[in-house]
Amino acid sequence: MAIISDEGEETRSGVFEQLKVYCLELLELLQRPNKHSSALTSLLHFLRHSPPDDLHPFFDYTLFPLLLLLDAAVACRAPNKVDSEVKVESYNDPSSPLRVSDAVAEGVLQCLEELLNKCHIGSVEQMVVVLKKLTYGALLSPSDASEEFREGIVKCFRSLLLGLLPCSDASCPCKDVSGVPMLLDSRDSQTLIGRSSKYDSKPKECLLAFLQSQNASAAVGHWLSLLLKAAETEVVRGHRGSAKLRIEAFMTLRVLVSKVGTADALAFFLPGVVSQFAKVLHASKAMACGAAGSVEAIDQALRGLAEFLMIVLQDNANIVDYDTSVDVAARIDSNKFTSTQSLIEELRHLPVKAQGQSKSVKEDTSKQVVKAISPQSETNDKRTASDRDDGSFHVNRTKDWIEKTTSHVDKLLGATFPDMCIHSAKKVRQGLLAAIRGLLSECSITLKQNRLMLLECLCALVVDDSEEVSAAAQEFLENSLLSGGKTQLQLDIAEIFSRLIDRLPKVVFGSEESQAISQAQQLLVIIYYSGPQFLVEHLLQSPVTAARFLEVFSLCLSQNSVFAGSLDNLISISSSSVGYLDSIAELRAGTNPASDYLSIMTAAPKNPKPAAIQEKHIPYIGESRQKKYDLPHMPPWFAYVGSQKLYQALAGILRLVGLSLMTDFSSGAHLSLITEIPLGYLRKLVSEVRLRESNKESWQLWYDRNGSGQLLRQASTAACILNEMIFGISDRSINYFARMFQKSRVDKADDQPYKSMLTGSNWKVSQEKGVRIQLIDCAGRILHEYLSPEVWDLPIEHKSSVMDCEEKDISLYFFRDTAFLHQVIIEGIGILNICLGEAFSSSGFLHSSLYLLLENLISPNYQVRSASDAVLHILATTSGYSTVGHLVLANADYVVDSICRQLRHLDLNPHVPNVLSAMLSYIGVANKILPLLEEPMRSVSLELEILGRHHHPELTLPFLKAVLEIAKASKREACSLPEQAESYFIHVKSVISGAEMKERAESREVLESRDSYEIDMPLTESGEQWENILFKLNDAKRYRRTVGSIAASCIVAATPLLASANQVACLVALDIVEEGVAALAKVEEAYRHERGTKEAIEEVIESCSLYHLQDSLDTADDGTDENRLLPAMNKIWPFLVICAQNKNPAAVRRCLSVVTNVVQISGGDFFSRRFQNEGTHFWKLLSSSPFLRKPDMKKERVHLQLPYRSAPTSSEDSIAETSNLKVQVAVLNMIADLARNKRSASALEVVLKKVSGLVVSIACSGVVGLQDASVNALCGLASIDPDLIWLLLADVYYPMKKRDLLPPPPISDLPEISQILPRPASPKGYLYVLYGGQTYGFDVDFSSVEKVFKKLHSLVFSSQMYS
């Protein structure tokens, strides 16, 4: 022990020696402030690395020079104060040599803070001295002291407070307080908790008890004022203000309040402190940056406000008899400090250097406390003498005082807390949650007026965007529901429920969307935690209350809310016009009024849209594929009202309403009864449309009639409400709510479904008998109204078939409202499918709605088309199909039957051709339903004949598009026929060879199967085997003929339109012909394989004497469909020739491409005579240069024209030169492709010289853009006759070449090449002119001739020479 004691003495001696050096240097620095010294830095380092036990014995020794320097630093920065009675030594006199720099002053504060952290105050006198010095520093303004200095003062005061620890006396009042802020978060708790108290000496009196006594009330109030003022000063400074200093001030205030810790000591200051905190929170709403907008500062303010109220208005301290005055003096031992005056006297007589400043501060102390902490509010003005003791900072917390105070607090909290719920910073919302938890836990009875507001804020935080905030809020709410009084909670929940429903339309129509989202989310949380039985009993049990409730949501979701809110919001939606009235120019423009909100449509609009209905870009989107097919969507008109978040909250309430009706089947409130309320709007709309038809009113007159437009919008809103209620019953919705409201139980082992704390009901569909039947019945009622023909007869554009020709001035809003209704109904079909699952198909709902969805794939409104696409994918997924095509294929008979039925009445159903083409192109499996399309194809062919086109000219193009899809399907299916026929032929040959081997071996063993077609059976049963083979062959024949018949029908229907002047119709007809010819070629190829199979079977029939099979074989051959291709080409060719004479360059180029393909498919022999007779129409396209037109003398004659008449313009003159150039390139490419293909080369043999001469003339001219194509054509022609091509080129090349550059003859007996190919007398003497005829604009260019000749020599002639 002696050794340990000696070591301790040595350690203290060493510490003292070092402190002595530092303290002496500090005292010297006090006398010579200009001296550069590192004493402060060294002292700070020493204090930080020294243990508290070593420093505490020398606390006073170290504290003395630091306080002197601090006193000097404050004095030289404080403004001059003249006192006639006391002589004040002026430290801020410019002539005075004593002036402490900012670096020294800040270093002093750092050392003092570290010292106070390590050592505790030993007595009240010592604490008063330190407090006085810090108070002088805290009084300095930002203009007098630096930010770091003022922040250091606050930190030192906080360190002093944290060093005040409870005494050892068990009866001391200090045991009644915790000493630390009650709402500390994890980060602050590590900083403020954990102070060591292992010192060698203990204070003689309890400093905490002194701080809680009336004697210290003035100092406490003064520091509350200073801290709040310091925080407010940083806000006044604007962007120069320090958020860090503001945070330190609030944190220090929280520590001060926690150290005082009693309601009696703090009640007097409550009005001022609460008002200042409310001012802080109110300012944070308007300022998002700077000190006022500091997230950490707002969090500290929220927690500080709640902690102050939790101490003063704590239930346990205020639920006693309010008529009995609380005598604080009797509770606190204040023998030494009996009044405020005695405390001030002690402060006055303490030895300090700046006595004058001390006196001035003392005189202003009580005034500032009263002024800053107790503002002249209504509560203080009306305070009676019984509420306050004269001359003390204490109030008697009587019943009247509690009521007045809580009323004042209610106003302040009600004006600030709801706004904090929607603050963007998570830290602020976490602070708000901590404040609410504290107030509801400690002051729920005293703050009974605020309890509902606090519960509403808590409900808003339950569904917070932050997982951390929402999970904590859910856990606290659930614990409160479990531990609180059930009756009182039911009353509170019911009152909040009524308040929120009444306020909901007002906030939705208001300009603050964030408030509307918060209110809707609060209502959603209240409903969920109250349970389904609560909702049924309060709203849905009575038809009147249910109708009133649904009317509230109809109002919130209605299209009338589009025009609600601020004008700025409306103007921001429209980018091209002010207001929302269409201009006359926009109305006359015939623009598409349909609202296309998705960015994919707005990126390339078909027509400019009126500014009134300019689409607002919905942020959902990025619009991914998965999100597009995720129903339900936000209704299109709601994009003008609010965000997706607001709609999700409103929709969640409706989903819970629908789910509550299915949780308890015995409650009497059935889903069918409630859904009848919104269904009434749809039925009313249907009846109004029927009335219009009976009265033969125009749509414009009907829409302008009072209430018709409103009824249309009401029907859309009703459909939206129905969709959400039905979706709430689905498993997806139930799982969504489980994920949303069970975040607090994610880590818990209990995975049971959540039960409402008030009703004990489960949020899940009841398993009682009849519930499923009721749901299907309700869905059938809804779907019946959704599929009403009157709803779909409503026009969606001006060109609609249901519109009268004279209706030109109909409002564009009519079409927009109709599109909205159609979109919501289509999405409703998908939601019904999601809810019912497999029952949707088994109940017949799929068959009744599938054609409607396919029909709307060609809607002129993009939103309707997109909704149909999404619902079709959902139907396919829920029905177990991988694609929509497989879904349609499985139900093709229903779809095709509907199409055939409507094709018989085209006047009533003019949209059927578009439906047919869209369906075939969309599903992608048209080839699978090809046999079903034979009957629709006959009807389409009739409509494309002359009489059909005359009766319905506007349907020609839609029918052509449908035929094109059928032709593509025919080609796709025909391409697989030859391979199948060849495979079957090989199979039959193998069966025959196997039978022959068995006959030669005369074996009775059964031959093992080699193929899937083969059936193993005894030889005696071979007749049955061949009968099966014959049946399969006949089936293949019938299917081949069906495919060939449909392809031929497509060709017959489209061939006359090859001569159409309509470019689009001509191009579609060319595509049909090309696809049809390719299909017929494949059909004939399959026929040849079938013929080989038939011949092989006939040999077996004769050899095995199976003559009874001959009749079936002959019956299958009935018909002359084996040769379809060439007869079809014989009919097509004249129209192709006419098409080549078309003045439209695009049609001509496509025609030349088609000619190339059909000639290669059909063979060149068939076309040789035709090219000889009609080929001039093709070669004529190469007769003149595209850049130099041949003048027409007849057209050059100038006729007398009247001044008001314009001269007719030739169509040829209007064609651009580049278009003619592209046509000639297409002709040259056709020649090259035909010549290279051995199957089609024979078509050019008769006209080879003619064609070669034309191509050589173009190649030798060097016309820009044609040289590559002409060389390509010459290469192709050279594959037929290379000598002819060489001769035509050499006839031009060598005569133009200089004689000395000509190559000598290979042997001397041969004449020179100039003698063989002499220069002609005129350009007309060249061989290419004699063969090809005279051209215009293709003058010979020697450089081009030489280039072409050398290129062909390397590509063609050299290989011919050495081959």
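(A) Highlighting the overall build of the protein chain. Along the protein chain, the regular secondary structure elements total 64 helices and zero strands. Partitioning the contacts of the protein chain with sequence separation of at least 6, the portion at a separation of at least 24 is 80%. Accessible area of the protein chain: about 61800 Å², with a carbon and sulfur share of 52%.

(B) Structural detail: helix H5 (residues 102-118). Spanning 17 residues, H5 covers 24 Å between terminal C-alpha atoms, matching the ideal 24 Å at 1.5 Å per step. Counting buried residues along H5, twelve of its 17 residues qualify, which places the element largely inside the surrounding structure. Residues of H5 that are buried: Val104, Ala105, Gly107, Val108, Leu109, Cys111, Leu112, Glu113, Glu114, Leu115, Leu116 and Lys118.

(C) Region of the structure containing the confidence of the model for the protein chain. When pLDDT is averaged across the protein chain, the result is 76; 74% of the residues are at 70 or more. Across residues 196-201, where pLDDT falls below 50, the model places 17 contacts with residues more than four positions away in sequence or in other chains. Of the regions scoring below 50 in pLDDT, residues 569-624 engages in 92 contacts with residues more than four places distant in sequence or in other chains.

(D) Representation of the packing of helix H27 (residues 543-557) against helix H32 (residues 644-663). Direction vectors running N to C along H27 and H32 enclose 155°, while the axes themselves pass 12 Å from each other. Judged by the inter-axis angle, H27 sits roughly antiparallel to H32. The two elements H27 and H32 cross, and the hand of that crossing is left-handed. Touching Phe549, Leu550, Phe553, Cys556 and Leu557 of H27 are Tyr647, Leu650, Ile653, Leu654 and Val657, all from H32.

(E) Representation of the side chain of Gln430 in the model. With respect to the helices and strands, Gln430 occurs in helix H21 (residues 426-442). Gln430 gets classed as buried once you look at its relative accessible area, which sits at 18%. Setting aside anything within four residues of it in sequence, one finds Gln430 in contact with Arg303, Glu468 and Val469.

(F) Quick look at the nonpolar core. With 390 residues, the main nonpolar core has Phe417, Phe1171 and Ile1231 as its most contacted residues. Those residues in contact with Ile1231 that sit more than four places away from it in its chain are Trp1179, Leu1182, Leu1244, Val1251, Val1255, Ala1273 and Leu1277. By size, the runner-up hydrophobic cluster in this structure holds twelve residues, among which are Val988, Val991, Ile1029 and Val1100.

(G) Spotlight on unusual backbone geometry. Cis peptide bonds are those with omega within 30 degrees of zero, and the linkage from Leu631 to Pro632 qualifies with 0°. Structurally, the position occupied by Pro632 is in the loop between helix H31 (625-628) and H32. Notably, Lys696 is not glycine yet its phi reads approximately 55°, a positive angle. With respect to the helices and strands, the residue Lys696 is situated in the loop between helix H33 (671-695) and helix H34 (699-704).

(H) A look at the packing of aromatic side chains. Considering all chains together, one arrives at 30 aromatic pairs under this definition. Judged by centre distance (5.7 Å) and plane angle (40°), the rings of Phe250 and Phe277 are tilted. Placement of the pair is Phe250 in helix H11 (residues 243-260) and Phe277 in helix H13 (residues 270-286), with a sequence separation of 27 residues. Judged by relative accessible area, Phe250 falls into the buried class, the value being 1%. Judged by centre distance (5.7 Å) and plane angle (90°), the rings of Trp699 and Trp702 are edge-to-face. On the criterion of helical spacing, the pair formed by Trp699 and Trp702 is a turn pair, its members being three residues apart in helix H34. On the basis of relative accessible area, Trp699 is assigned to the buried category, the value being 1%. Among the aromatic side chains, those forming a connected cluster through ring pairs are Tyr528, Tyr529, Tyr736, Phe737, Phe741 and Trp763. If you follow Arg1170 out to its NZ or CZ, it ends over the ring of Phe1166, 3.9 Å from the centre.

(I) Structural view of the environment of Met453. For Met453, the position within the fold is in helix H22 (residues 448-462). The spacing of Met453 and Leu413 is 40 residues in sequence and 8.6 Å in space, taken between C-alpha atoms. The contact partners of Met453, leaving out residues within four places of it in the chain, are Leu413, Gly414, Phe417 and Pro418.

(J) Inspection of a negative patch on the surface at higher detail. Taken together, the side chains of Glu996, Glu1095, Glu1099 and Glu1102 define an acidic patch exposed on the protein surface. Here the negative patch gets three residues from one element, more than from any other, and that element is helix H51 (residues 1063-1104). Residue placement: Glu996 occurs in helix H49 (residues 977-1001). The exposure class assigned to Glu996 is partly exposed, which follows from its relative accessible area of 40%.

(K) Highlighting the environment of Ile874. Within the secondary structure, Ile874 is located in helix H42 (residues 862-878). Given the relative accessible area of 8%, Ile874 is considered buried. When the C-alpha atoms of Ile874 and Asn833 are compared, they prove to be 7.9 Å apart, with 41 residues separating the residues in sequence.

(L) Here's a closer look at the packing of helix H10 (residues 217-236) against H11. At a minimum axis separation of 8 Å, H10 and H11 run at an interaxial angle of 160°. On the basis of their axis angle, the class for H10 and H11 is roughly antiparallel. You can see that H10 and H11 cross each other, and the crossing is left-handed. Side by side, H10 and H11 meet where Val220, Trp223, Leu224, Leu227, Leu228, Ala231, Glu232, Glu234 and Val235 of the first sit next to Leu245, Arg246, Ala249, Phe250, Thr252, Leu253, Leu256, Val257 and Val260 of the second. Grouping the constituent residues of the contact of H10 with H11 by class yields 14 nonpolar, one polar and three charged.

(M) Inspection of the environment of Arg1091 at higher detail. Here Arg1091 lies in helix H51. Here Arg1091 falls in the partly exposed class, since its relative accessible area comes to 39%. Along the primary structure Arg1091 and Glu1122 are separated by 31 residues, whereas in three dimensions their C-alpha atoms are 9.8 Å apart.

Definitions and limits used
Residues numbered from 1 in each chain as written. Predicted model: local features only at pLDDT ≥ 70, side-chain atom pairs only at ≥ 80, totals over all residues. Heavy atoms only, no water. Helix = DSSP H or I, 4+ residues; strand = E, 2+ residues; numbered from the N terminus. Contact = heavy atoms within 4.5 Å. Areas by Shrake-Rupley, 256 points an atom, 1.4 Å probe, with all protein chains shown as cover. Expected span 1.5 Å × (residues − 1). Buried < 20%, exposed > 50% of the residue type's maximum accessible area, 1.4 Å probe, protein only. pLDDT = per-residue confidence, 0-100. Axes fitted to C-alpha atoms, helices over the stretch in contact; angles between N-to-C directions. Parallel < 35°, antiparallel > 145°, perpendicular 65-115°, else oblique. Left-handed = near helix turned anticlockwise from the far one by under 90°. Core = buried A, V, L, I, M, F, W, Y, C linked by side-chain atoms within 4.5 Å. Phe/Tyr/Trp six-rings, centres within 6.5 Å; stacked < 30°, edge-to-face > 60°. Lys NZ or Arg CZ within 6 Å of the ring centre and 35° of its normal. Patch = residues over 30% accessible without salt bridge, like charges linked within 9 Å, V, L, I, M, F, W, Y side chains within 5 Å. Salt bridge = Lys/Arg side-chain N within 4 Å of Asp/Glu carboxyl O. Lys, Arg positive; Asp, Glu negative; His and termini not counted. Charge placed at Lys NZ, Arg CZ, Asp CG, Glu CD. Nonpolar A, V, L, I, M, F, W, Y, C, P; charged D, E, K, R; others polar.

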